[in-house]
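Analysis of the macromolecular model
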Amino acid sequence: MLVFGGTRSASLSWNVAKSMKAEVGKSEIKAFPDGEKYVRINSAVKGRECTVVQSIRSNDDFVELLLMLDTLRDLGANQVHAVMPYLAYMRQDKRFHVGEALSAKTILKLLYEVSDSITTINCHFLNEGGEAVYNHIRFMNLDAMPILLGYVGSKVENPFLIAPDKGSLSFAKAAASQLDCEFDHLSKTRLSGSEVRIDMKDLDVGGKDVLILDDIISTGGTIVEAAKLIRKGHPSSINVACVHGLFLNGIEHFKGEVDRLTSTDTLDNPVSKVSVGDLIGQSILR
Ligand code: R5P
């Protein structure tokens, strides 16, 4: 097995290769002055099984991945696995308004065209890990919540789990059972792409280590609003953990509002302390 890393997931791909005891594939990736991507595979791949690890956070990441996967096939790789630890566009899995693009379907369909298997982590529109079929496309959705919680849970003494909205309730429930603690959810109304309103309910969080869990933190608007309200209940600490930390407004945005912020390394950021390398490696080996 050869493991290639795209530019978005270069260091994570090393962890994946290490976990699989696999060779790291050599490639050259750059951008032309006009922004077009250039990809060259420098390892001999004919007849070999290859995995490409590349989170998709931007459109450029996606084009780079498509070029890598298709080139590996052209060069005669016998199986090509596409692993997108973070896969963007999964929030548009339904047509919420007439005429909208079904982005999740289009992205998965294109990946399916150029690979033999598709793996992602905590896909936004799914509530649990395992094999999934969406619009006739089969893919693996790994669940990084248990390893994330294993890490965060070891840092707090008296946890009280909170999901920021009803949508996150199912994994908050599972997380509360892993940590053997109480849990609840807030009620969130999205006002715009960057603004949310959170309605407070009576939460008995006094003296507790609140742990707010979400799959994605994007602007951070949801978490900061939630933390402000929860602080009024005098918890002993507010801890926030997410699988995919985009942190579009930077980590500073959380200063003073949150005591501990943690994410996995599906995306590199200053708090990506929990590696999903083994989770991916062991799943591909299976
Ligand atoms: C929403 O359904 C997700 O689980 C997150 O709560 C959301 O994407 C977070 O967005 P933001 O950080 O911009 O509030």
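See above for the structure.
Residues numbered from 1 in each chain as written. Predicted model: local features only at pLDDT ≥ 70, side-chain atom pairs only at ≥ 80, totals over all residues. Heavy atoms only, no water.

1. A few points about the packing of aromatic side chains
- For the structure shown, the criterion picks out four aromatic pairs.
- Look at Phe 32 and Tyr 38: their rings are 5.9 Å apart centre to centre, the planes differ by 85°, and that puts the pair in the edge-to-face class.
- One aromatic cluster is present, formed by Phe 125, Tyr 134 and Phe 139 through successive ring pairs.
- One Lys or Arg, Lys 30, reaches over the ring of Tyr 38 and ends 4.9 Å from the middle of that ring. (Phe/Tyr/Trp six-rings, centres within 6.5 Å; stacked < 30°, edge-to-face > 60°. Lys NZ or Arg CZ within 6 Å of the ring centre and 35° of its normal.)

2. Focus on the sheet that holds strand E2 (residues 23-24)
- With respect to topology, seven strands assemble into an open sheet ordered E2-E1-E5-E6-E7-E9-E8, the strand pairing being mixed. Two strands bound the open sheet, and with one partner strand each, they are E2 and strand E8 (130-134).
- Where strand E1 (residues 2-5) and E2 come together, two bridges link them in parallel fashion. From the neighbouring strand, Val 3 faces E2, where its bridge partner is Val 24.
- Lying over the sheet, helix H2 (residues 59-74) contacts E1, strand E5 (49-53) and strand E6 (79-84), oriented at roughly 165° with respect to E6.
- Most of the contacts of helix H3 (residues 103-113) go to strand E9 (residues 137-142), to which it runs at about 100°, and overall it touches E6, strand E7 (117-121), E8 and E9. (Pairing = 2+ DSSP bridges. Helix = DSSP H or I, 4+ residues; strand = E, 2+ residues; numbered from the N terminus. Contact = heavy atoms within 4.5 Å. Axes fitted to C-alpha atoms, helices over the stretch in contact; angles between N-to-C directions.)

3. Remarks on the pattern of salt bridges
- Summed over all chains, the structure comprises nine salt bridges.
- With its nearest N and O atoms 3.2 Å apart, the salt bridge here joins Arg 48 to Glu 23. One end of the pair, Arg 48, is in the loop between strand E4 (37-41) and E5; the other, Glu 23, is in strand E2, with 25 residues separating them in the sequence.
- On the basis of relative accessibility, which here comes to 27%, the residue Arg 48 falls in the partly exposed class.
- Exposure remark for Glu 23: the relative accessible area of 39% places this residue in the partly exposed category.
- The closest approach of N and O atoms between Arg 138 and Glu 131, which form a salt bridge, is 3.4 Å. (Salt bridge = Lys/Arg side-chain N within 4 Å of Asp/Glu carboxyl O. Buried < 20%, exposed > 50% of the residue type's maximum accessible area, 1.4 Å probe, protein only.)

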